[in-house]
Amino acid sequence: MRAPQETIRLPFALSTASIARTKLAGFLTVQRVDSAVIDDALIVLGEMLANALSHGVPTSDDTIEITWAINGDLLELSVYDAGTGASLKPIDFDEDSLSGRGLSIINRIADRWWVDMDKGTRVNAELSGLSSHRR
């Protein structure tokens, strides 16, 4: 049986984050994922998209590519933009920080995350324990 997954391309625009989160929530709900896991996934995806839309570059068709998949007990998330050469490392922040928190938030919520910069920038994250949180 093939793992449930979806890849979407949306406009490289700030409104894309809201659309993508809504689509991911629907996908995870259909897959009967627990609401606490959905909440974490939406936070991680939102931060991935905020970073890409703030610091990245649209693809040649002015879009951003977003992928999610359930692979066993893992939820895999991926955001791709055409930008290159960025330094992507989490930084320390406090409750008064207004920016620069995205990768630190991803680092705290996701079980694992990494960046692939072979062709453009693809930020990937995994959230585990999915099978124990499915209804």
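Residues numbered from 1 in each chain as written. Predicted model: local features only at pLDDT ≥ 70, side-chain atom pairs only at ≥ 80, totals over all residues. Heavy atoms only, no water.

Colleague: Teacher, can you tell me more about the environment of Lys 119 here?
Modeller: Its location among the elements puts Lys 119 in the loop between strand E4 (112-116) and strand E5 (121-127). A relative accessible area of 70% places Lys 119 in the exposed class. Through-space distance from the C-alpha of Lys 119 to that of Thr 84 is 7.7 Å; in sequence the pair is 35 residues apart. (Helix = DSSP H or I, 4+ residues; strand = E, 2+ residues; numbered from the N terminus. Buried < 20%, exposed > 50% of the residue type's maximum accessible area, 1.4 Å probe, protein only.)

Colleague: Honestly, the sheet that holds strand E3 (residues 74-81) in this entry has me stumped. Any pointers?
Modeller: Across a sheet, strands are paired by hydrogen bonds formed along the backbone, either parallel or antiparallel in direction. Reading across from one edge, E1-E2-E3-E5-E4 is the order of the five strands in this open sheet, with antiparallel pairing throughout. Across the chains shown, the open sheet's two edge strands, defined by having one partner strand only, are strand E1 (5-11) and E4. In this sheet, neighbouring strand axes are inclined to one another by 15 degrees on average, regardless of whether the strands run parallel or antiparallel. By the bridge criterion, five bridges tie E4 to E5 in an arrangement that is antiparallel. Note that in E5 the partner of Trp 113 across the bridge is Ala 125. Across the sheet, helix H1 (residues 15-30) touches E1, strand E2 (63-71) and E3, and the angle it forms with E2 is around 20 degrees. (Pairing = 2+ DSSP bridges. Axes fitted to C-alpha atoms, helices over the stretch in contact; angles between N-to-C directions. Contact = heavy atoms within 4.5 Å.)

Colleague: Where do I start with the pattern of salt bridges in this structure?
Modeller: Where side chains of opposite charge bring their charged atoms close, a pairing between them can arise. Following the criterion strictly, the structure yields four salt bridges and no others. Across the pair Glu 65 and Arg 122 runs a salt bridge, and its minimum N-O distance is 3.1 Å. In this pair, Glu 65 sits in strand E2 while Arg 122 sits in strand E5, placing the two residues 57 residues apart along the sequence. Taking the relative accessible area as the measure of exposure, Glu 65 reaches 16% and is therefore buried. One continuous salt-bridge network, built from bridges that share partners, spans Arg 9, Asp 61, Glu 65 and Arg 122. (Salt bridge = Lys/Arg side-chain N within 4 Å of Asp/Glu carboxyl O.)

Colleague: Hey, could you run me through the side chain of Thr 63 in this one?
Modeller: Assignment of secondary structure puts Thr 63 in strand E2. Note on Thr 63: relative accessible area 11%, which makes it buried. There is a polar contact of 3.2 Å between the side chain of Thr 63 and the side chain of Arg 9. In this structure the side chain of Thr 63 is engaged in a polar contact, spanning 2.6 Å, whose partner is the side chain of Asp 61. (Polar contact = N/O pair within 3.5 Å; in protein donor to acceptor, adjacent residues only side chain to side chain.)

Colleague: I would appreciate a short explanation of the packing of aromatic side chains in the present structure.
Modeller: Working definition: an aromatic ring pair is given by the centre-to-centre distance plus the angle between the planes. Tallying each qualifying case throughout the model produces one aromatic pair. Both rings, one in Phe 27 and one in Trp 68, keep their centres 6.2 Å apart while their planes meet at 50 degrees; by these two values the pair is tilted. One end of the pair, Phe 27, is in helix H1; the other, Trp 68, is in strand E2, and 41 residues separate them in sequence. Grouping residues by exposure puts Phe 27 and Trp 68 together as buried. For the cation-ring pair, Arg 112 lies above Trp 114, with the distance from its terminal atom to the ring centre recorded as 4.0 Å. (Phe/Tyr/Trp six-rings, centres within 6.5 Å; stacked < 30°, edge-to-face > 60°. Lys NZ or Arg CZ within 6 Å of the ring centre and 35° of its normal.)

On their own, these measurements won't tell you what the molecule is for.
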